[in-house]
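Residue-level structure breakdown
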Amino acid sequence: MAKVFGVFNTIRNNWKKSVFFTAVLSYGANFANEKYETHMFMSQCCRTVSAYGDMPLAVDKKPKKVTVILNPAANKRNSKSDFEKYCAPLLYLAGYSVTVLTTEREGGARSLVENLIGETDALIVAGGDGTLSEVVTGLLRRLKGDTSLTEHLPIGILPLGRTNNVARQLLQPQDDNHVHFLTNATMAIINEVNSAHPVVKIENLESPNPEKCVYALNSIEWGALREAKVTRDQYWYFGKLRNVAAFVFGNQFLQYTVDADLEYSPPCSGCSNCYKKLTTTINKSSSLFSWISWVFSFKRNSGGTDYSKIINPECSNYSKVPIRTFNVNINLDVKQTPVLRINVGPENISYSEFVKEGYLKFRDENSKIPNSIIEAKDVTVTPHIDDEIKWLSIDNEDYEVKPMKLSLLPNAVYLFKPDNPMSQNQSQNKSDQESSLSLDKFRNQIGLKQFV
């Protein structure tokens, strides 16, 4: 008993050291536990995926080939190590032939896809929203905007960037565990279930080359909030608080004003006017195959509806409104009828509102400031620009503000997504024989056409 009291006396007399070492031991134990749980989780994933790779391949089939576009600078240069730890092992165990292409500069992903040589069954984007936008831009430029051909080359997303909004919308993670997010994204690719996804075609109206369009899958932002957000890395010494610090010390951006004219058409799920625009685009193509595939793709993606017989007089009506605000955000709202949601804020806000908006922005929460919301299908933005060069963000990539036209393309690309999960009772009652048949069907099913 005397020894026990002696220990307590020592701790009491050296309480600062005791608190310090207790904190270190607690952190070390938590770190070790997380490592152990990650190891066990990855082991289970590898055992599950190896069942796919171990299945014999039919004589007339070739191993699936995938091309990974990896941005090593994403997520503070942690993307490459995360890909090699959590994603690449699953792809190899599934029996894929994997080719990894690494970007070396800004815009490198776009160039890699535009100049892609060889065969591949799918593109995999290992990066954030910006890398994904570049890959989609490179693909659609390569196909000359013929979105019917993208059906043969689906795109998988590995959320390895700082911002992964598209991946979160598509994969809908159940928790904040980064490893779970990455492995679920990889499993979605291995399951080979994909669906059509809309994109926004952005044309620079001052560009002499109309083919050099940019394609976005998330948002276009211009204004004070965007200006403050891009400065967050300057406050790296605040650690995780640097996102908020950018707005706390960004009061100079309160004077920023977005001054432009918007001309937009209302949302439309398909009508004779849309069909006319489609056939006009088709007639510009020199390929008979492209002409036929455009027509059948239009009807197939729309459930076979003949839109040439649907009359919507509102579709061709354009409205023009001037805007003068501290920030404007154009989001791609993915639903049954995709729309461009234009959020126009007030002209001025207070400093406290500015900081609060920044805090909510990085928590992915809705704005507390009343915004004017406009839903549209096509939008033309004509900025009132002085001699000062201004910038906006397209999927978190910086572009100079120019007069531009935004067009909504409903079924432009095909993205891998999680398969519809079975109910718990169905999963429990599934026999080993059924599992074997399912795996055999997976390995021997007819894959998507290869893209050369």
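We now turn to the structure provided with this report. Not measured: the values here are computed from a predicted model.

Counted at 1.5 Å a residue, the expected span for helix α4 (residues 79–93) with its 15 residues is 21 Å, and the 20 Å between its end C-alpha atoms agrees. Its maximal kink placed at C87, α4 deviates by approximately 45 degrees, while the proline P89 follows within four residues. Within the sequence span of α4, burial applies to S79, D82, F83, Y86, C87, A88, L90 and L91. Looking one or two places after α4, you find G95, whose phi comes out positive at around 90 degrees.

The strand order across the open sheet built from six strands is β12-β11-β10-β7-β14-β15, with neighbouring strands paired in antiparallel fashion. The sheet terminates laterally at β12 (372–376) and β15 (397–400), the two strands that pair on one side only. Sheet twist, expressed as the mean angle between neighbouring strand axes with direction ignored, is 20 degrees. Sheet topology places strand β11 (residues 339–344) next to β12; five bridges connect them, and they run antiparallel. In the sheet register, I342 faces β12, and the bridge partner there is I374.

A complete count under the given rule lists 15 salt bridges for this structure. Put simply, E114 and K212 hold a salt bridge, and the shortest N to O gap is 3.7 Å. Here K212 lies in the loop between β5 (194–204) and β6 (214–216) and E114 lies in helix α5 (residues 108–114), a separation of 98 residues in the sequence. Look at K212 and you get partly exposed, because its relative accessible area is 44%. The salt bridge partner of R341 is D333, with a shortest N-O separation of 2.7 Å.

Bringing a nonpolar patch on the surface into the picture now. There is a patch of nonpolar side chains on the surface, built from W236, Y237, F238, L241, V248, F249 and Y351 and spanning about 760 Å² of accessible area. With respect to the element layout, Y237 can be found in the loop between α9 (224–229) and α10 (242–248). Its relative accessible area of 53% is what places Y237 among the exposed residues.

Over its 14 residues, helix α8 (residues 178–191) runs 20 Å from end to end, which matches the ideal 20 Å to within 8%, given 1.5 Å per residue. For α8, the complete set of buried residues consists of V179, F181, L182, T183, A185, T186, M187, A188, I189 and I190. A distance of 2.9 Å separates the backbone nitrogen of V179 from a side-chain oxygen at the start of α8, and that oxygen is part of N177. Within two residues after α8, E192 carries a phi angle of roughly 60 degrees, on the positive side.

With that out of the way, let us pick up the state of the cysteines. Considering all chains together, one arrives at zero disulfides under this definition. Cysteine C45 shares no disulfide, and the gap to the nearest cysteine sulfur, in C46, comes to 6.9 Å. For C46, a relative accessible area of 22% puts it in the partly exposed group.

Examined against the element boundaries, D233 turns out to sit in the loop between α9 and α10. C-alpha separation for the pair D233 and A245, spaced twelve residues apart in sequence, amounts to 9.9 Å. When residues no more than four places from it in sequence are discounted, the contact partners of D233 are R162 and R242.

Below, the discussion takes up the packing of α4 against α8. Two numbers describe how α4 lies on α8: the axes approach to 9 Å, and their chain directions differ by 30 degrees. With respect to their mutual orientation, α4 and α8 come out roughly parallel. Relative to α8, α4 is oriented so that their crossing is right-handed. Where α4 approaches α8, its residues D82, Y86, C87, L90 and L91 are matched on the opposing element by H178, V179, L182, T183, T186 and I190. When grouped by side-chain class, the residues that make up the contact of α4 with α8 number seven nonpolar, three polar and one charged.

By relative accessible area, which is 23% here, E114 ends up partly exposed. Separated by 23 residues in sequence, E114 and T137 have C-alpha atoms that sit 8.6 Å apart. Apart from the residues lying within four places of it in its own chain, the contact partners of E114 are G138, R141, R142 and K212.

In this structure, F83, V136, L158 and I190 are the most contacted members of the largest nonpolar core, which totals 56 residues. Top contributing element to this core by residue count: α8, with eight residues. Counting 41 residues, the second largest nonpolar core, distinct from the first, contains L225, A228, L332 and V401.

Analysis parameters
Residues numbered from 1 in each chain as written. Predicted model: local features only at pLDDT ≥ 70, side-chain atom pairs only at ≥ 80, totals over all residues. Heavy atoms only, no water. Helix = DSSP H or I, 4+ residues; strand = E, 2+ residues; numbered from the N terminus. Expected span 1.5 Å × (residues − 1). Bend = angle between axes of the 7 residues up to and from the residue. Buried < 20%, exposed > 50% of the residue type's maximum accessible area, 1.4 Å probe, protein only. Pairing = 2+ DSSP bridges. Axes fitted to C-alpha atoms, helices over the stretch in contact; angles between N-to-C directions. Salt bridge = Lys/Arg side-chain N within 4 Å of Asp/Glu carboxyl O. Patch = residues over 30% accessible without salt bridge, like charges linked within 9 Å, V, L, I, M, F, W, Y side chains within 5 Å. Areas by Shrake-Rupley, 256 points an atom, 1.4 Å probe, with all protein chains shown as cover. Polar contact = N/O pair within 3.5 Å; in protein donor to acceptor, adjacent residues only side chain to side chain. Disulfide = S-S within 2.5 Å. Contact = heavy atoms within 4.5 Å. Parallel < 35°, antiparallel > 145°, perpendicular 65-115°, else oblique. Left-handed = near helix turned anticlockwise from the far one by under 90°. Nonpolar A, V, L, I, M, F, W, Y, C, P; charged D, E, K, R; others polar. Core = buried A, V, L, I, M, F, W, Y, C linked by side-chain atoms within 4.5 Å.

Read these as geometric descriptors, not functional statements.
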